[in-house]
Amino acid sequence: MQQLSRPVTSNQTGPHEKLTDQVLRHAQHRFLKPITDFNRQAFRDSLAGWDHQAPLILDAGCGVGWSTIQLARAFPDHWVIGVDQSADRIARQKTEMGEVLPDNFTCVRADLVDFWRLWEEAALPLARHYLLYQNPWPKAEHLGRRWHGHPVWPTLLSLGGTLECRSNWKIYIEELSQATNLLTGLQGHIEQWWPESFLTPFERKYHVSGQSLWRFVVPLGARQDRYRW
């Protein structure tokens, strides 16, 4: 029997009061942390099987790759790239799925902070971008560890494409929507999510545990070279 998951608990009752200040501060100062050679190689590896014609999908924080594989099946004319920082999780993708795998995807181990900046540096088009059940870091003092509170957030938005985020913590989705609107002027769409099939093991676990799931989708359009502020 699958172990049930406890709902997210937090000392926040709504979006963080310092979110706007933090997002705008990061937008005004380019993130200059050096990119490692390891991540540069991982970025090159992720594109090795791409024919330079298929639209690109990025599955950020792909875990064991269930979502990456299912996205590859759902979009057979796309090249789907899954990225996760854990070599162990990526190595378990084939044994977890236990099925014949599509040939239009790859999973690589890399730090997303570097990977997103390398994507921006390469000026690659992006069709779809997924953030599925990321660690919400629910304590208020950990705002900077959430992607929308991190210095890399402006870079992430600049990549364009249709951005989709799913979470079992509504506040995370509300904050991410607010942080998107601050830099792009776009509202996006928030909805409670009842999946007909499960895109990730966490989605299945949270649903089976009776938790509410939330989804945010926003079409960012083509790659952006500047923001609205």
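First, a word on what this report is: a plain description of the structure on this page. Here the structure is a predicted model, which is why all the values come from computation and not from measurement. (Residues numbered from 1 in each chain as written. Predicted model: local features only at pLDDT ≥ 70, side-chain atom pairs only at ≥ 80, totals over all residues. Heavy atoms only, no water.)

## Examining the overall build of the protein chain
Move 1: Secondary structure summary: the protein chain contains nine helices and seven strands in total.
Move 2: Expected size for 229 residues packed as a compact globule is a radius of gyration near 17 Å; at 17 Å, the protein chain falls within 12% of this value.
Move 3: With respect to the principal axes defined by its C-alpha atoms, the protein chain has extents near 45 × 45 × 30 Å.
Move 4: Look at the contacts in the protein chain between residues 6 or more apart in sequence, and 79% of them connect residues 24 or more apart.
Move 5: Summing over all exposed atoms, the protein chain offers an accessible surface of approximately 11,600 Å²; the carbon and sulfur share of this is 50%.
Move 6: Averaging the locations of the 25 positively and 24 negatively charged side chains of the protein chain gives two centres separated by 5 Å. (Helix = DSSP H or I, 4+ residues; strand = E, 2+ residues; numbered from the N terminus. Rg over C-alpha atoms; globule rule 2.2 N^0.38 Å. Contact = heavy atoms within 4.5 Å. Areas by Shrake-Rupley, 256 points an atom, 1.4 Å probe, with all protein chains shown as cover. Lys, Arg positive; Asp, Glu negative; His and termini not counted. Charge placed at Lys NZ, Arg CZ, Asp CG, Glu CD.)

## Examining the pattern of salt bridges
Move 1: Under the defined criterion, the tally for this structure stands at ten salt bridges.
Move 2: Here Arg89 makes a salt bridge to Asp84, at a shortest N to O gap of 2.8 Å.
Move 3: The partly exposed category is assigned to Arg89, whose relative accessible area is 30%.
Move 4: Residues joined by salt bridges that share partners form a network here, namely Glu164, Arg166, Glu191, Glu203 and Arg215. (Salt bridge = Lys/Arg side-chain N within 4 Å of Asp/Glu carboxyl O. Buried < 20%, exposed > 50% of the residue type's maximum accessible area, 1.4 Å probe, protein only.)

## Examining the sheet that holds strand 6 (residues 189-192)
Across a sheet, strands are paired by hydrogen bonds formed along the backbone, either parallel or antiparallel in direction.
Move 1: Taken in spatial order, the seven strands line up as 3-2-1-4-5-7-6 in an open sheet, and their pairing is mixed. Only two strands of the sheet have a single neighbouring strand rather than two, namely strand 3 (105-109) and strand 6. Ignoring which end each strand starts from, the neighbouring axes of this sheet average 15° apart.
Move 2: With six bridges joining them, strand 5 (residues 162-167) and strand 7 (residues 214-219) adopt antiparallel strand pairing. By the bridge assignment, Ser167 is partnered in strand 7 with Trp214.
Move 3: Its contacts with the sheet place helix 8 (residues 170-184) against strand 4 (128-132), strand 5, strand 6 and strand 7, and it is angled at close to 15° to strand 7. (Pairing = 2+ DSSP bridges. Axes fitted to C-alpha atoms, helices over the stretch in contact; angles between N-to-C directions.)

## Regarding the nonpolar core
Move 1: Within the largest apolar cluster, 47 residues are counted, with the highest numbers of intra-cluster contacts made by Phe115, Trp116, Trp119, Leu131, Trp153 and Leu163.
Move 2: Once you skip the residues sitting within four places of it in the chain, Leu131 turns out to touch Ala60, Trp116, Trp147, Leu156, Leu163, Glu164, Cys165, Arg166 and Leu176.
Move 3: Residues Ile69, Ala72, Val80 and Phe105 belong to the second largest nonpolar core, which totals 15 residues. (Core = buried A, V, L, I, M, F, W, Y, C linked by side-chain atoms within 4.5 Å.)

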